[in-house]
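Take a look at the letters that make up each chain.
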Amino acid sequence: MADRRQGRPALPTRTAVRSADWDGRDLAQETYHQVLFVDVDMTELTNSGCVFEECTFSSVRFNVSEHEDAMFLNCTFSRCSFFDARFKACKMTGSMFDGCSYGLLKVEGGDWSFTGLPGADLRGSAFHGVRLREADLTGARLEKAEVLRCDLSGAWLNGADLTGCDLRGSDLSDLDPSTVTLKKAIIDSFQATVVATALGFDVRA
C-alpha cells in the first residue's frame, strides 16, 4: 500500500480517447488496455461486462452511469465525477482515485481490494457487500454513508470520519477506534464487542 500513499508513476498508455461524447452509450463485453480517456462524457453510460486494464481516466464524467460485472484493474481515476453512479459486482482491484467527486455513489458487491481512496469525500455513498481488503481509506469522509456487510480487513482508515456511518455487518477487526471519528456511527452488537476490545475493555457476559 505504500506506493498508493506516496502516489504511483503515471501508467503507460497505448492509445487515447479525448473529448468524446459517450453519453448514454451501451458498452458490452469490450476490452480496453492501457487507454487514456481524457475529458470524456460517460454520463448515463451502461457498461455490462467490459474490461478496463491499466487505463487512465482524467476528468471523465461517470455521472448516473451503470456498471455491472465490469472490471477496472489497476486503473487511475483523476478528477473524475461519479455523481449517482452505480457499480454492481464490479472488480476494481488496484485502482487509484485522486481528486474525484462521488456524490450518491452506489456500490453493490464486487471486489474493491487494494484500491486507493485516500481523502475521498464519500459522504452519503453506499457500499453494500463489497470486498475492501487493504483499501486505502486514509482520511476518507464517510459521514452518513452506508458501509454494510463489507470486508474491511486490513483497510487503512487512519483519520477517516465515520460520523453517522452505518457499518453494520462489516469486518471491523482491524479498526483502531483511536484513529478515526466514530461519533453516532451505527454498529451491531458483535461489532460493539470488537470495538470495546480494541479500546482495551474487558468485555464479559
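Cut-offs and rules
- Residues numbered from 1 in each chain as written.
- Predicted model: local features only at pLDDT ≥ 70, side-chain atom pairs only at ≥ 80, totals over all residues.
- Heavy atoms only, no water.
- Core = buried A, V, L, I, M, F, W, Y, C linked by side-chain atoms within 4.5 Å.
- Buried < 20%, exposed > 50% of the residue type's maximum accessible area, 1.4 Å probe, protein only.
- Contact = heavy atoms within 4.5 Å.
- pLDDT = per-residue confidence, 0-100.
- Pairing = 2+ DSSP bridges.
- Helix = DSSP H or I, 4+ residues; strand = E, 2+ residues; numbered from the N terminus.
- Axes fitted to C-alpha atoms, helices over the stretch in contact; angles between N-to-C directions.
- Salt bridge = Lys/Arg side-chain N within 4 Å of Asp/Glu carboxyl O.
- Disulfide = S-S within 2.5 Å.

**Q** Teacher, can you tell me more about the nonpolar core here?
**A** Most often, soluble globular proteins have nonpolar side chains that are buried together. Counting 55 residues, the largest nonpolar core has Phe37, Phe52, Phe57, Phe77, Phe82 and Trp112 as the members making the most contacts within it. Excluding its chain neighbours within four sequence positions, the residues that come into contact with phenylalanine 82 are Phe62, Asn63, Phe77, Phe87, Phe97, Cys100, Ser101, Tyr102, Gly103 and Leu105.

**Q** Sorry, what's going on with the confidence of the model for the chain here?
**A** Detailed reading of the predicted coordinates is not advisable wherever pLDDT is low. Looking at the chain, pLDDT values average 93 and 95% of them are 70 or higher. For residues 1-6, every residue scores under 50 in pLDDT, and the model assigns this stretch 16 contacts once sequence neighbours within four places are set aside.

**Q** Looking at this structure, I do not really get the sheet that holds strand S5 (residues 46-48). What am I missing?
**A** One key point about sheets: their strands pair by backbone hydrogen bonds, in either a parallel or an antiparallel sense. Strand order across the open sheet formed by seven strands is S2-S5-S8-S11-S13-S14-S15, with parallel pairing between neighbours. Each edge of the open sheet carries a strand with a single partner, namely strand S2 (26-28) and strand S15 (146-148). When strand polarity is set aside, the average angle formed by the axes of neighbouring strands in this sheet is 5°. With three bridges connecting them, S5 and strand S8 (residues 66-68) associate as parallel partners. When the sheet's bridge partners are listed, asparagine 47 is paired in S8 with histidine 67.

**Q** Just checking my understanding: could you explain unusual backbone geometry for this structure?
**A** Glycine aside, residues mostly have negative phi angles, and peptide bonds mostly take the trans form. In this model, glutamine 29 sits at a positive phi of 55°, which is unusual for a non-glycine residue. Considering the arrangement of structural elements, one finds glutamine 29 in the loop between S2 and strand S3 (31-33). Unlike most non-glycine residues, glutamate 134 shows phi in positive territory, near 55°. Structurally, glutamate 134 can be placed in the loop between strand S14 (126-128) and S15.

**Q** Looking at this model, I keep getting lost on the pairing of strand S4 (residues 35-38). Mind explaining?
**A** Within a regular strand, side chains alternate between the sheet's two faces. Direction of pairing for strand S1 (residues 15-18) relative to S4: parallel, over a ladder of four bridges. When the bridges of S4 are listed, valine 17 appears paired with phenylalanine 37. Direction of pairing for S4 relative to strand S7 (residues 56-58): parallel, over a ladder of three bridges. The residue of S7 that forms the bridge with valine 38 is serine 58.

**Q** Would you mind going over the pattern of salt bridges with me for this structure?
**A** A side chain with one charge can pair with a side chain of the opposite charge if their charged atoms come near. A complete count under the given rule lists 10 salt bridges for this structure. Between aspartate 84 and lysine 106 there is a salt bridge, and its shortest N-O distance comes to 2.6 Å. With aspartate 84 in the loop between strand S10 (76-78) and strand S11 (86-88) and lysine 106 in strand S13 (residues 106-108), the pair connects residues that are 22 residues apart, well separated along the chain. For arginine 141, the salt bridge identified is with glutamate 143, shortest N-O distance 2.7 Å. One continuous salt-bridge network, built from bridges that share partners, spans Asp39, Asp41 and Arg61.

**Q** What is the right way to read the state of the cysteines from this model?
**A** Formally, a disulfide is one covalent bond, and it connects the sulfur atom of one cysteine to the sulfur atom of another. Counted by the stated rule, this structure contains zero disulfides. Sulfur of cysteine 50: no disulfide; nearest cysteine sulfur belongs to cysteine 90 and is 10.0 Å away. Cysteine 50 sits in the buried class, given a relative accessible area of 0%. Of all cysteine sulfurs, the one in cysteine 80 lies closest to cysteine 100, which takes part in no disulfide; the gap is 4.7 Å. Residue classification places cysteine 100 among the buried residues on the basis of a relative accessible area of 12%.

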